[in-house]
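# Results of the structural survey
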Amino acid sequence: MKKIVAVATYNEAENLERLVRSILSLDLGLDIVIVDDNSPDGTGDIADALAAETGRVKVVHRPGKLGLGTATLESVRFALEHGYDILVTMDADFSHDPMYLPAILEKAAGFDIVIGSRYVHGGGVVNWPFSRRLISFLVNFYCRTVFRIPVHDYSGAYRAYRRWVLEKLEPDAFISKGYSFQEEMLVRCARGGARTAEVPIVFVDRAVGATKANRAEMIRSGLALLRLGLWEF
Ligand SMILES: Nc1nc2c(ncn2[C@@H]2O[C@H](COP(=O)(O)OP(=O)(O)O)[C@@H](O)[C@H]2O)c(=O)[nH]1
Ligand SMILES: [Mg+2]
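Only a predicted model underlies this, so the values are computations on that prediction, with no experimental measurement involved. (Residues numbered from 1 in each chain as written. Chains lettered and ligands numbered in written order. Predicted model: local features only at pLDDT ≥ 70, side-chain atom pairs only at ≥ 80, totals over all residues. Heavy atoms only, no water.)

### As for helix α8 (residues 215–232)
The end-to-end C-alpha distance of α8 is 24 Å, a good match for the 26 Å that 18 residues give at a rise of 1.5 Å each. Buried within α8 we find Glu217, Ser221, Ala224, Leu225, Leu228 and Gly229. Down the axis, α8 shows its buried residues gathered within 125° of arc, on one side only. Turned more than 90 degrees away from the buried face of α8 sit Arg215, Ile219, Arg220, Leu223, Leu230 and Trp231, all of them exposed. As for α8, its buried residues are in contact with α5 (130–147) and α7 (181–191). Capping of α8 at its N-terminal end is provided by Asn214; its side-chain oxygen lies 3.3 Å from the backbone amide nitrogen of Ala216. (Helix = DSSP H or I, 4+ residues; strand = E, 2+ residues; numbered from the N terminus. Expected span 1.5 Å × (residues − 1). Buried < 20%, exposed > 50% of the residue type's maximum accessible area, 1.4 Å probe, protein only. Arc of directions from axis to C-beta. Contact = heavy atoms within 4.5 Å. Polar contact = N/O pair within 3.5 Å; in protein donor to acceptor, adjacent residues only side chain to side chain.)

This is the structure in structure tokens:
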């Protein structure tokens, strides 16, 4: 089984090297693909240096900030083109602790999508402001009500996907470019017959660097979810 971890980066110079070393040190046979959007802080150069040094890291450079959703689709394309059986996606800022990778991969032996979940027993959120918790609660309440997939954390981006699920996707059909991509991806995969499972994770807000979630992105994503729930699915 060929497995790859995808990390989308925008201004993660303070996090990326430590993250990559931490993933590789687990010795799980994982390759890594970094999708960087020409980060002004030089994250792309750090990624290139890690690629040259380790031989396990690949880098996709995009010309500018095109959103986490399209970056994830880019990693899907990469994984399919290069013959990977499992794709794991995770954030670069250590909110998704690499220590959960073994549990997520183990679960992926029996399920098509495995979600590192904050909202199952044993999971949780640390250091998030009340506003983020509230938005996340509302989004997940809405998704559970409307989409009815047996999942508690629709928004989590720490996931493993099996190859066949990715092969079935139609990347051009996605309406989400940014944060609502996670929910849209899950719904599209589940509609295609993917069996889901959750593994508890404790999500700790980033210690260094800044979030890319801003009000405009929240509103765009909220509208995309309404459109998906009310018209598309
Ligand atoms: N390539 C790329 N990565 C992005 C973009 N927006 C966010 N990311 C990455 O997506 C991950 C999650 O973003 P983050 O700002 O931590 O969001 P938060 O955890 O919801 O506050 C991080 O690894 C970011 O660097 C983007 O437009 N392009
Ligand atoms: Mg984050």
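### Thoughts on the sheet that holds strand β7 (residues 159–162)
The 7 strands lie next to each other as β3-β2-β1-β4-β7-β5-β8, forming an open sheet whose pairing is mixed. Both outer strands of the open sheet, β3 (57–61) and β8 (196–200), are each paired with one neighbouring strand and no more. Taking the axes of each pair of neighbouring strands and ignoring which way they run, one obtains an average angle of 20° across the sheet. Set on the sheet, α7 makes contact with β5 (113–117), β7 and β8; between it and β7 the angle comes to about 35°. (Pairing = 2+ DSSP bridges. Axes fitted to C-alpha atoms, helices over the stretch in contact; angles between N-to-C directions.)

### Overview of the site of ligand 1
Taken together, 19 residues form the shell around ligand 1, and within it Glu12, Asp37, Arg132, Thr211 and Lys212 come nearest. Contact between ligand 1 and Arg132: an oxygen atom at 2.7 Å from a side-chain N or O atom of the residue. Contact with the protein chains covers 97% of the free accessible surface of ligand 1, which is 580 Å². Counting only elements with at least two residues in the shell around ligand 1, the list comes to β1 (3–9) and α3 (68–81). A breakdown of the residues in the shell around ligand 1 according to their chemical character gives 8 nonpolar, 3 polar and 8 charged. (Near = heavy atom within 4 Å. Areas by Shrake-Rupley, 256 points an atom, 1.4 Å probe, with all protein chains shown as cover. Nonpolar A, V, L, I, M, F, W, Y, C, P; charged D, E, K, R; others polar.)

These figures capture arrangement, not role.
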